[in-house]
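Remarks on the overall topology
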Amino acid sequence: MESMGPNTLIFLGLAAFLGLLALLFTFRTLRGQTEINARLSHLAATQENTQQTFNARLLDQERAMNQRLDAVGQRVGASLDASSEKTKASLQHIGERLAVMDEAQKNIIDLSNQMVSLQDILSNKQARGAFGEIQLRDLVESIMPPGAFKFQAQLSNRKRVDCLLTLPNPPGPIAIDAKFPLEGWQQLQNAETDQERLRATRNFSNDILKHVKDIREKYIIPGETGDAALMFLPSEAVYADLHARHANVVEQSFREKVYIVSPTTLWATLNTVRAVFRDVRMREQAHVIQKEVETMMADVGRLEDRVGNLTTHFTRANGDIERIQTSTRKIIKRGDKIRELDLDEDSENPRERAPIKVSDPTIGINAEVEIDGQGRGAVSDE
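Residue numbers restart at each chain and count upward from 1, following the sequence in its written direction. Under the rules for a predicted model, residues below a pLDDT of 70 receive no local features and side-chain atom pairs below 80 are neither given nor counted, while totals for whole chains, interfaces and linings still include all residues. Side-chain metrics in this entry use all non-hydrogen atoms of the structure; hydrogen atoms and water are not considered.

Some points on the packing of helix 4 (residues 194-219) against helix 6 (residues 247-255)
- Each axis is a line fitted through C-alpha atoms, taken for helices only over the stretch in contact, and angles between the N-to-C directions span 0 to 180 degrees. Here a helix means four or more residues in a row that DSSP labels H or I, a strand means two or more in a row labelled E, and each is numbered from the N terminus. Helix 6 packs onto helix 4 with a crossing angle of 10° between their chain directions and a minimal axis gap of 10 Å. Comparing the axis directions of helix 4 and helix 6 gives the class roughly parallel. Residue-level contacts link Ser-205, Ile-208, Leu-209 and Val-212 of helix 4 to Val-249, Gln-252 and Ser-253 of helix 6.
- Throughout this entry, Asp, Glu, Lys and Arg are counted as charged residues, while Ala, Val, Leu, Ile, Met, Phe, Trp, Tyr, Cys and Pro are counted as nonpolar. The remaining residues, Gly among them, count as polar. Grouping the constituent residues of the contact of helix 4 with helix 6 by class yields four nonpolar, three polar and no charged. Working rule for angles: under 35 degrees goes down as roughly parallel, over 145 as roughly antiparallel, 65 to 115 as roughly perpendicular, anything else as oblique. Contact between two residues is taken to exist if any of their heavy atoms lie within 4.5 Å; hydrogens are not considered.

Details of the sheet that holds strand 3 (residues 174-178)
- If DSSP finds at least two bridges between two strands, the strands pair. Spatial strand order, 1-2-3-4-5: five strands in an open sheet with mixed pairing. On the outer flanks of this sheet lie strand 1 (149-154) and strand 5 (258-261), each paired with one strand and no other. Ignoring strand direction, the axes of neighbouring strands in this sheet form an average angle of 30°.
- Of the pairings in the sheet, the one linking strand 1 to strand 2 (residues 160-165) comprises five bridges and is antiparallel in character. Among the inter-strand pairings, Lys-150 is bridged to a residue of strand 2, identified as Leu-164.
- Contacting strand 2, strand 3, strand 4 (229-232) and strand 5, helix 4 crosses the sheet at an angle of about 140° to strand 4.

Observations concerning the confidence of the model for the protein chain
- For the protein chain, mean pLDDT is 76; residues scoring 70 or higher make up 78% of the total.
- The predictor attaches a confidence to each residue, and that confidence, scored 0 to 100, is pLDDT. Throughout residues 350-354 the model reports pLDDT below 50, and contacts reaching past four residues in sequence, or to other chains, amount to seven contacts.
- Across residues 371-382, confidence stays below pLDDT 50; counting only partners more than four residues off in sequence or on other chains, it has 25 contacts.

Structural notes on a nonpolar patch on the surface
- By definition, no residue in a patch forms a salt bridge, and every one has over 30% relative accessible area; like charges are joined within 9 Å, nonpolar side chains (Val, Leu, Ile, Met, Phe, Trp, Tyr) within 5 Å. To be clear on the numbers: accessible area is Shrake-Rupley with a 1.4 Å probe, and residue cover counts the displayed protein chains and nothing else. The salt bridge criterion pairs a side-chain nitrogen of Lys or Arg with a carboxyl oxygen of Asp or Glu, the two atoms within 4 Å. On the surface, Phe-17, Leu-18, Leu-20, Leu-21, Leu-23 and Leu-24 cluster together into a nonpolar patch covering about 590 Å² of accessible area.
- Within the secondary structure, Leu-18 is located in helix 1 (residues 6-123).
- Categorising residues by exposure relies on relative accessible area from a 1.4 Å probe, with only protein chains included: less than 20% of the type maximum marks a residue as buried, more than 50% marks it as exposed, and the intermediate range marks it as partly exposed. Accessibility expressed as a relative area gives 54% for Leu-18, which makes it exposed.

Points about the pattern of salt bridges
- For the structure on display, the rule yields 11 salt bridges.
- Note that Glu-256 is salt-bridged to Arg-216, the shortest N-O span being 2.3 Å. Of this pair, Glu-256 sits in the loop between helix 6 and strand 5 while Arg-216 is found in helix 4, placing the two residues 40 residues apart along the sequence.
- Look at Glu-256 and you get partly exposed, because its relative accessible area is 22%.
- Assessed through its relative accessible area of 29%, Arg-216 is described here as partly exposed.
- With a shortest N-O distance of 3.2 Å, Arg-245 and Asp-241 are connected by a salt bridge. Of this pair, Arg-245 and Asp-241 are both found in helix 5 (residues 236-245), four residues apart, which corresponds to roughly one turn of the helix.
- For Arg-245, a relative accessible area of 57% translates into the label exposed.

Shown next, in the form of structure tokens:
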């Protein structure tokens, strides 16, 4: 023991200290491990509870999700059914509309063919003239009374007019001739340059003025027709363009007393002429109406005289009836008086009683009534 030096003691002390530290560390480690194990057990239990709660909530959410999915599926199914019905109805409506459009397309094709035919007609001067005459005939026949017009009437100069209105004097018969200057008007519409437009305007004006001059020379005959005539344009477009852009031509036609009319203005003119015909007929029949009125007034006078005679007859008959009623009342009164007489039944000679006279000069009654012993009376006329 004595041989141990200080170093050895220090080493042993250090060794003992280190062993104590190791023991303390081991003790703390075992204690910490126990706490850790307890905490781990608590965490495991908590985790298990949490897992169960999470699973329950997950099942509830899954159940709710399934219910919502079922409801959504039902709504989607109903919506799809409704959409299917609407789509079916829409397709059916579209089919009907397509059928209508197909029919309209056929009508358009037919109308196009008719327009082509009309274009062919209008491209021919003779056919175009016939078209204007037919339209003029339709207007006149639909408005004017029969006998107030003549078609293709021949005048004294051997010229035939499309229509002649047989108006009384004044103004006299009025001639209507149909003209259709389509070429000049189409050239005017198709003109692109100022030079072409000027030339087309001049040609169109010359065509109209030529027709006006021909109508004035052919169909206005002094003493036979009126002092004016009508030129019928069977196109409202040509008529409107003429009055809008060619006022000088219209004024010249007025000076020539050839009035240009369209279907619309001719309709108004013919209605005015029909009113004139009605007025003329009324004036022509005025004397007949006057004569009939005079005859009717004479009949009314005779009827008044006869009614007066009948009234006088009824007045006399009424007076006779009143007089008869008066006499009847008097007779009844006298009869009542006779019944009220106090007759003596013991009288031996009842006939010695004085007779009772009954007379009524109003009806010529004059009689005596004798009363016998039994109250009976006998009437004797005087």
